[in-house]
Amino acid sequence: MMNKVIILLFLLAPVAAYSLDDNQVLIDGPEVDLTLGELRMALRTAPDDVLKLLLAQPKKIREVMDSTYMAKVAAARARKKGLEEDPVVKAQIWKFTNNILAEAEIADVQAKLVKNANYEAVAKELYIAEKDRLEVPESFVASHILLSAKVDESDESVLARAEALRKQIVEGELDFKEAAKQYSTDTGSAKAGGSLGKFNRGRMVKPFEEALLALKPGEISEPVKTRFGYHLILLEEHTPAYTKPFSEVKDALIQKAKNKMAHEIKVDYWLKVKTDPEARVNEDAFKAFADKPVLTP
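Focus on the packing of aromatic side chains
When we look at a pair of aromatic rings, we describe it by the centre distance and by the angle of the planes.
Now for step 1: For the coordinates displayed, the defined rule picks out three aromatic pairs.
Now for step 2: On the basis of an interplanar angle of 85 degrees and a centroid distance of 5.3 Å, the ring pair of Y269 and W270 is categorised as edge-to-face.
Now for step 3: Under the relative-accessibility criterion, Y269 is labelled partly exposed at 22%.
Now for step 4: Accessibility expressed as a relative area gives 39% for W270, which makes it partly exposed.

Take a look at the structure:
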């Protein structure tokens, strides 16, 4: 009985609480340790969308922890060998550090300058300027049955077959899609019950398109002759050309406005740095080096 009480008390005991400050050691290695703060830094380097996925999966967080520890071990060994003083490695560290800080500086400037920008107003201007690009062409959703002439069959005979088949479909004796599967010589669409899917105006040959324009959704055309044979066309949907409303494209245009403004700020920033009158080039020294570039003094 006493043993059961001890086991119960053990099970009810609270799990030991671990400190979650940055100094908490996650991996105690023989050469280096990895702290929670270092894992946090490694995770912060991931893009925002990737970071959300990482933080939602303990398995992924462990993978980052393991890879960060392995890199830290290798980096420690490199320092022991003095590899950070290697001219190429040293140059890469210098360049990487400068690039990271430069990107941070640009992002900070962009954030401050665009903080109070009226992006919706800019988006409306873009909408007016890009209306042609936002036009959706006239489109159709249709199916057809194609009857082509058999060997030595006359045109009149093919037309008669098409008219008879249409009569059966219109009177309900035969389903259009089943008829397409059974009789259509357009093998590509026949398998799908004659479906041609959605297509824009101008894609089909002229007689076919003219017949489409004369139909209302749900109607089946009289036999339509083209160079391929006779078609029975079922119009399912007809969408006239229209311009996308601002509400539909607002978010995309606002993002475009943000990207445009951010790019302009970046270009302007670098132009000012490059053309700063107080930044003077020692032309003599540059020419002496450029004429005979030696990377090791």
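This is not the end of the story, as more comes after the structure.
Focus on unusual backbone geometry
Now for step 1: Backbone geometry at D152 places phi at a positive 65 degrees, although glycine is not the residue there.
Now for step 2: In this fold, D152 is placed in the loop between β4 (139-147) and α7 (155-170).

Things to note about the sheet that holds β4
Now for step 1: Here we have four strands laid out as an open sheet, ordered β5-β4-β7-β6, and antiparallel in their pairing. The open sheet has two free edges, formed respectively by β5 (195-200) and β6 (224-226), since each of these has just one partner strand. Direction aside, the axes of adjacent strands within the sheet are offset by 40 degrees on average.
Now for step 2: Of the strands in this sheet, β4 and β7 (229-239) touch helix α8 (residues 176-183), which is tilted by about 50 degrees from β4.

Quick word on the nonpolar core
Now for step 1: Residues L39, L43, V64 and Y69 are the most contacted members of the largest nonpolar core, which totals 15 residues.
Now for step 2: For this core, the secondary structure elements donating two or more residues are α2 (36-44), α3 (48-55) and α4 (58-80).
Now for step 3: The dominant element in this core, judged by the number of residues it contributes, is α4, at five residues.
Now for step 4: When near neighbours in sequence (up to four residues on either side) are disregarded, L43 contacts L51, L54, L55 and V64.
Now for step 5: Formed by 14 residues, the second largest nonpolar core is a distinct cluster that contains I145, A179, A180 and I220.

Digging into the packing of α2 against α4
Now for step 1: Close contact between α2 and α4 brings their axes to 10 Å; oriented N to C, the two are set at 105 degrees. In terms of their interaxial angle, α2 and α4 are classed as roughly perpendicular. Residues E38, L39, A42 and L43 of α2 touch α4, and the partners they reach there are I61, V64, M65, T68 and K72.
Now for step 2: For the contact of α2 with α4, the residue count by class is six nonpolar, one polar and two charged.

Calculation rules
Every chain is numbered on its own, with residues counted from 1 as its sequence reads. At least 70 in pLDDT is required for a residue's local features to be given in this predicted model, at least 80 for side-chain atom pairs to be given and counted, and no such filter applies to totals for whole chains, interfaces and linings, which use all residues. Remark: hydrogens and water are excluded; side-chain values derive from all non-hydrogen atoms of the structure. Between 30 and 60 degrees the pair is tilted, below 30 it is stacked and above 60 it is edge-to-face, where a pair is any two Phe, Tyr or Trp rings, Trp via its six-membered ring, whose centres lie within 6.5 Å. Accessible area is worked out with a 1.4 Å probe on protein chains only. A residue is then buried under 20% of its type maximum, exposed over 50%, and partly exposed in between. Put simply, DSSP H or I for four residues or longer makes a helix, DSSP E for two residues or longer makes a strand, and each gets a number counted from the N terminus. Here, a strand pair is defined by DSSP locating no fewer than two bridges between the strands. Fitted lines through C-alpha atoms give the axes, limited to the stretch in contact for helices. The angle between two N-to-C directions lies from 0 to 180 degrees. Note on contacts: a residue pair qualifies if any of its non-hydrogen atoms lie within 4.5 Å across the two residues. To form a nonpolar core, buried Ala, Val, Leu, Ile, Met, Phe, Trp, Tyr and Cys residues must be joined to one another through side-chain atoms within 4.5 Å. Any angle that is under 35 degrees is reported as roughly parallel, and any over 145 degrees as roughly antiparallel; angles of 65 to 115 degrees are reported as roughly perpendicular and all others as oblique. The residue classification treats Ala, Val, Leu, Ile, Met, Phe, Trp, Tyr, Cys and Pro as nonpolar and Asp, Glu, Lys and Arg as charged. All others, Gly included, are polar.

So, to be careful, I would describe these as geometric facts and stop short of saying anything about function.
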